[in-house]
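Observations on the model geometry
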Amino acid sequence: MVAGRRIRFTAVLVAVVFALTGFSSHGGSSSSGSSGKSKSGSSSGGGCSSSKSKKKSHTSGSKSTVTASPSASATGAPATAVVVTCVGSTPPVTTVRLTSNVDRRATFVVNLYREGANGATVESTVVRETLGARESRVVSVPLKEPSRASEVRTCRLDRPLES
């Protein structure tokens, strides 16, 4: 009887960990129409809130690999921001999942850094989005200079702030 409870407890614990870290059964985003489309038409594939995890996305027409280091905000933050894809294909955009942690409508800002192979910032931008209470949304952020997409190797977010 005790062994059965331990197995159930372990199964529930594993399910909770997967749910909290953003793992999804449908995998990453795909150009052949995956589930999880947002209102803006962007794909929101499964992510991971661990900053040590890597998600690879291949740029269209080139053999270079872009790595997104999904980073989540600290507990207690007014919002959570996670990189879903670092630089997608045509047009080159970064998708970010913003989730409000407050019980009212609020505007959040988060700095997005697109970095090259040597860690130097290729481009930085401020993402500003208004969300309802506890709302989550995937936002597509285009590169200001699309010609520099091949230089981007990783994407990083600061902690979101309420504006």
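Residues numbered from 1 in each chain as written. Predicted model: local features only at pLDDT ≥ 70, side-chain atom pairs only at ≥ 80, totals over all residues. Heavy atoms only, no water.

A word on the pattern of salt bridges
- For the structure shown, the criterion picks out eight salt bridges.
- For the salt bridge of arginine 104 with glutamate 162, the shortest nitrogen-to-oxygen distance reads 3.1 Å. Of this pair, arginine 104 sits in the loop between strand 4 (93-100) and strand 5 (106-115) while glutamate 162 sits in strand 9 (residues 161-162); the two residues are 58 residues apart in sequence, bridging distant segments of the chain.
- We classify arginine 104 as partly exposed; its relative accessible area is 43%.
- A relative accessible area of 36% means that glutamate 162 is categorised as partly exposed. (Salt bridge = Lys/Arg side-chain N within 4 Å of Asp/Glu carboxyl O. Helix = DSSP H or I, 4+ residues; strand = E, 2+ residues; numbered from the N terminus. Buried < 20%, exposed > 50% of the residue type's maximum accessible area, 1.4 Å probe, protein only.)

Quick notes on the sheet that holds strand 3 (residues 79-85)
- Read from one edge of the open sheet, three strands run 3-4-7, paired in antiparallel fashion. Only two strands of the sheet have a single neighbouring strand rather than two, namely strand 3 and strand 7 (136-142). Within this sheet the neighbouring strands show an average axis-to-axis angle of 25 degrees, counted without direction.
- Of the pairings in the sheet, the one linking strand 4 to strand 7 comprises seven bridges and is antiparallel in character. Paired with valine 93 across the strands is proline 142, a residue of strand 7. (Pairing = 2+ DSSP bridges. Axes fitted to C-alpha atoms, helices over the stretch in contact; angles between N-to-C directions.)

Points about the confidence of the model for the chain
- In the predicted model, the chain carries a mean pLDDT of 72, and the fraction of residues at 70 or more is 54%.
- Throughout residues 23-74 the model reports pLDDT below 50, and contacts reaching past four residues in sequence, or to other chains, amount to 106 contacts. (pLDDT = per-residue confidence, 0-100. Contact = heavy atoms within 4.5 Å.)

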